[in-house]
Amino acid sequence: MPPVLDENRKYDAAFWREVLEQAKHIDGSKLVLVVAKQKIDQWCALNGGLTPSELRGLLEDVKSVIIQGRQRQGVIRQPPSPPSPPHPHLRVIK
């Protein structure tokens with residue numbers, strides 16, 4: 001069972017690392033969890049710790065970036081369309 005958190009209290013990186021280690025997934029994305037584990041020390045250092053709502057906001061940002069990246073990759077990885085056949089030129093016969 002996850003701990004009951006005070007929404008107004010800032011928690012340090014050690015606390016959040018423990019919470020993230022126990023989490024199986026966040027919003028259905030393992031990749032978001034992996035990024036969060038890598039960035040939690042930096043996020044906490046920049047902000048003097050994180051409140052639960054601040055962490056949720058950062059996780060939403062990560063999720064958004066991942067979704068945008070996947071969309072861009074989909075566009076980039078589409079095979080180029082074949083060149084269109086040359087259009088015959090119409091000649092005016094007098």
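Structure: see above.
No experiment lies behind these values; they were computed from the predicted model shown. (Residues numbered from 1 in each chain as written. Predicted model: local features only at pLDDT ≥ 70, side-chain atom pairs only at ≥ 80, totals over all residues. Heavy atoms only, no water.)

Enquirer: Help me get a handle on the nonpolar core, residues and values and all.
Expert: Ranked by size, the top nonpolar core spans 15 residues in total, and within it Trp 16, Ile 40, Trp 43, Cys 44, Leu 50, Leu 55 and Leu 59 carry the most contacts. Of all the secondary structure elements, the ones that give two or more residues to this core are helix 1 (13–22), helix 2 (30–47) and helix 3 (52–76). Leave out the neighbours within four places in its chain, and Ile 40 touches Ala 13, Trp 16, Arg 17, Leu 20, Leu 50 and Leu 55. (Core = buried A, V, L, I, M, F, W, Y, C linked by side-chain atoms within 4.5 Å. Buried < 20%, exposed > 50% of the residue type's maximum accessible area, 1.4 Å probe, protein only. Helix = DSSP H or I, 4+ residues; strand = E, 2+ residues; numbered from the N terminus. Contact = heavy atoms within 4.5 Å.)

Enquirer: Run through the packing of aromatic side chains, naming residues and quoting values.
Expert: Summed over the entire model, instances satisfying the criterion amount to 3 aromatic pairs. When the centroid spacing of 5.2 Å and the interplanar angle of 75° are considered together, the rings of Phe 15 and Trp 16 count as edge-to-face. Look at Phe 15 and you get partly exposed, because its relative accessible area is 25%. Residue class for Trp 16 comes out buried when judged on its relative accessible area of 2%. An aromatic cluster of three or more residues is present, and its members are Tyr 11, Phe 15 and Trp 16. (Phe/Tyr/Trp six-rings, centres within 6.5 Å; stacked < 30°, edge-to-face > 60°.)

Enquirer: Account for the packing of helix 1 against helix 2, with residues named and values stated.
Expert: The relative placement of two packed helices is expressed as an angle between their axes plus a distance between the axes. The interhelical angle for the contact between helix 1 and helix 2, taken along N-to-C directions, is 170°, at an axis separation of 9 Å. One way to sum up the angle between helix 1 and helix 2 is to call them roughly antiparallel. Here Ala 13, Trp 16, Arg 17, Leu 20 and Glu 21 of helix 1 lie close against helix 2, whose contacting residues are Leu 33, Ala 36, Lys 37, Ile 40, Asp 41 and Cys 44. Tallied by class, residues from the contact of helix 1 with helix 2 come to 7 nonpolar, no polar and 4 charged. (Axes fitted to C-alpha atoms, helices over the stretch in contact; angles between N-to-C directions. Parallel < 35°, antiparallel > 145°, perpendicular 65-115°, else oblique. Nonpolar A, V, L, I, M, F, W, Y, C, P; charged D, E, K, R; others polar.)

Enquirer: I'd like to hear about helix 2, residue by residue, with values.
Expert: A rise of 1.5 Å per residue sets the reference length of helix 2, with its 18 residues, at 26 Å; its end C-alpha atoms lie 24 Å apart and thus fit the reference within 8%. The sharpest bend along helix 2 reaches about 55° and sits at Lys 39. Residues of helix 2 that are buried: Val 32, Leu 33, Ala 36, Ile 40, Trp 43 and Cys 44. Gly 48 sits one or two positions beyond helix 2 and adopts a positive phi of about 65°. (Expected span 1.5 Å × (residues − 1). Bend = angle between axes of the 7 residues up to and from the residue.)

Enquirer: So what about the environment of Trp 16? Which residues, and what values?
Expert: Along the chain, Trp 16 turns up in helix 1. Residues Trp 16 and Thr 51 lie 35 residues apart in sequence; the distance between their C-alpha atoms is 9.8 Å. Ignoring any residue separated from it by four or fewer positions in sequence, one finds Trp 16 in contact with Leu 5, Tyr 11, Ile 40, Cys 44, Leu 50, Thr 51, Pro 52 and Leu 55. At 3.3 Å, the side chain of Trp 16 forms a polar contact with the backbone oxygen of Tyr 11. (Polar contact = N/O pair within 3.5 Å; in protein donor to acceptor, adjacent residues only side chain to side chain.)

By themselves, these observations are geometric and do not establish any function.
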